[in-house]
Amino acid sequence: NAKVIDGDTIHLGYNKIRLHAIDAPEKKQQCTRGGKKWNCGLESTKFLRDLIGNNQIQCETNGRDKYNRYIGVCYKNNIDLNGAMVLNGWAIAYRYYSLDYVSEENTAKSKKVGIWIGEFEEPYLFRKKNK
């Protein structure tokens, strides 16, 4: 069964899968809302965990990243989990790699859901600073 590591990484059996074209806040990352900090990274992780629940998921992988993780799009029934994470505001479209989820991001932004409820640092910038 799938083990959720964070909002864009899961373990499926022995395989680590990095969700394609999305970037979720890191586990230790905090976002701001109305001047107050909150643990958006943990919330993002929890959302993906709840989204998968006890369901079997399938992942279509396409290559590996520099950390040797598979890169893939994962599905629960017919739901694209990558897209669902962006649509619900728990990840952003990772434009550097692909424009696949830009429309989902625009929807989330306009609805102010998930991390769009306040301010946040783009996850890849957070990672760069906190190496």
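Residues numbered from 1 in each chain as written. Predicted model: local features only at pLDDT ≥ 70, side-chain atom pairs only at ≥ 80, totals over all residues. Heavy atoms only, no water.

## Looking at the layout of surface pockets
Note the threshold: Grid points spaced at 1 Å over the protein atoms alone were grouped into cavities, where a 1.4 Å probe fits but cannot get out, and pockets, open sets with protein on both sides within 12 Å along at least five of seven lines, with lining residues defined by an atom within 4 Å of a point. Grid points are joined across faces, edges and corners, and a volume is the space filled by probe spheres set on the points. Under the DSSP-based scheme used, a helix requires at least four consecutive residues in state H or I and a strand at least two consecutive residues in state E, with every element numbered from the N terminus. Only Asp, Glu, Lys and Arg are considered charged, only Ala, Val, Leu, Ile, Met, Phe, Trp, Tyr, Cys and Pro nonpolar, and every remaining residue, Gly among them, polar.
Taken as a whole, the largest pocket holds about 830 Å³ of empty space. Along the walls of the largest pocket sit 24 residues, with Lys66, Tyr67, Arg69, Tyr94 and Arg127 positioned nearest its centre. For the lining of the largest pocket, the secondary-structure elements that each account for two or more residues are strand 3 (15-19) and helix 4 (123-129). When residues in the lining of the largest pocket are grouped by element, the largest group, four residues, is from helix 4. Residue composition of the lining of the largest pocket, grouped by class: ten nonpolar, three polar and eleven charged.

## Some points on the environment of Val113
Rules: In this analysis, two residues are considered to be in contact whenever any of their non-hydrogen atoms come within 4.5 Å of each other.
Summarising the element assignment, Val113 is placed in the loop between helix 3 (102-111) and helix 4. Taking the C-alpha atoms as reference points, Val113 and Asn68, 45 residues apart in sequence, are found 32 Å from one another. Not counting residues up to four positions away in its chain, the partners in contact with Val113 are Leu87, Asn88, Gly89 and Ala108.

## Comments concerning a positive patch on the surface
Put simply, the test is: Each patch is built from residues lacking any salt bridge and having more than 30% relative accessible area; the joining distance is 9 Å for like charges and 5 Å for nonpolar side chains (Val, Leu, Ile, Met, Phe, Trp, Tyr). Each accessible area value is a Shrake-Rupley result obtained with a 1.4 Å probe; residue values ignore everything except the protein chains displayed when judging cover. Salt bridges are counted wherever a side-chain nitrogen of Lys or Arg sits within 4 Å of a carboxyl oxygen of Asp or Glu. Positive charge is attributed to Lys and Arg, negative charge to Asp and Glu, and no charge count is given to His or to the chain ends. Charged groups are reduced to one reference atom each: NZ for lysine, CZ for arginine, CG for aspartic acid, CD for glutamic acid. Summary of the burial criterion: residues with accessible area below 20% of their type's maximum are buried, those above 50% are exposed, and those between are partly exposed, where the area comes from a 1.4 Å probe applied to protein chains only.
Together, Lys3, Lys27, Lys28 and Arg49 make up a positively charged patch on the protein surface. Residue Lys27 is classed as partly exposed on the basis of its relative accessible area of 39%.

## Brief notes about the environment of Ala21
As for its position among the elements, Ala21 is in the loop between strand 3 and strand 4 (22-23). Expressed as a C-alpha distance, the spacing of Ala21 and Gly72, which sit 51 residues apart in the sequence, is 8.8 Å. Beyond its immediate sequence surroundings of up to four residues, Ala21 is in contact with Ile92, Ala93, Tyr94, Ser98, Asp100 and Tyr101.

## So, the pattern of salt bridges
Scanning the entire structure with this criterion turns up nine salt bridges. Where Asp65 meets Arg69, a salt bridge forms, and the shortest distance between an N and an O atom there is 2.7 Å. Taken as a pair, Asp65 and Arg69 share a single burial class, namely buried. Through salt bridges with shared partners, one network takes in Asp8, Arg18, Asp23, Glu26 and Arg127.

## A short note on the pairing of strand 3
Short version of the rule: One bridge is not enough; two strands pair if DSSP finds at least two bridges between them.
For strand 2 (residues 9-12) and strand 3, the ladder comprises four bridges, and the chain directions are antiparallel. Across the sheet, the residue bridging to Ile10 is Ile17, located in strand 3. Where strand 2 folds back onto strand 3 in an antiparallel hairpin, the turn is made up of two residues, including Gly13, whose phi is positive at roughly 65°. Bridge analysis of strand 3 against strand 8 (residues 70-76) gives three bridges, and the strand direction is parallel. In the sheet register, Ile17 faces strand 8, and the bridge partner there is Tyr70.

## A word on the environment of Cys40
Take Cys40: it is sitting in helix 1 (residues 40-52). Here Cys40 is in contact with Pro25, Gln29, Gln30, Cys31, Trp90 and Ile115, once residues within four sequence places are set aside.

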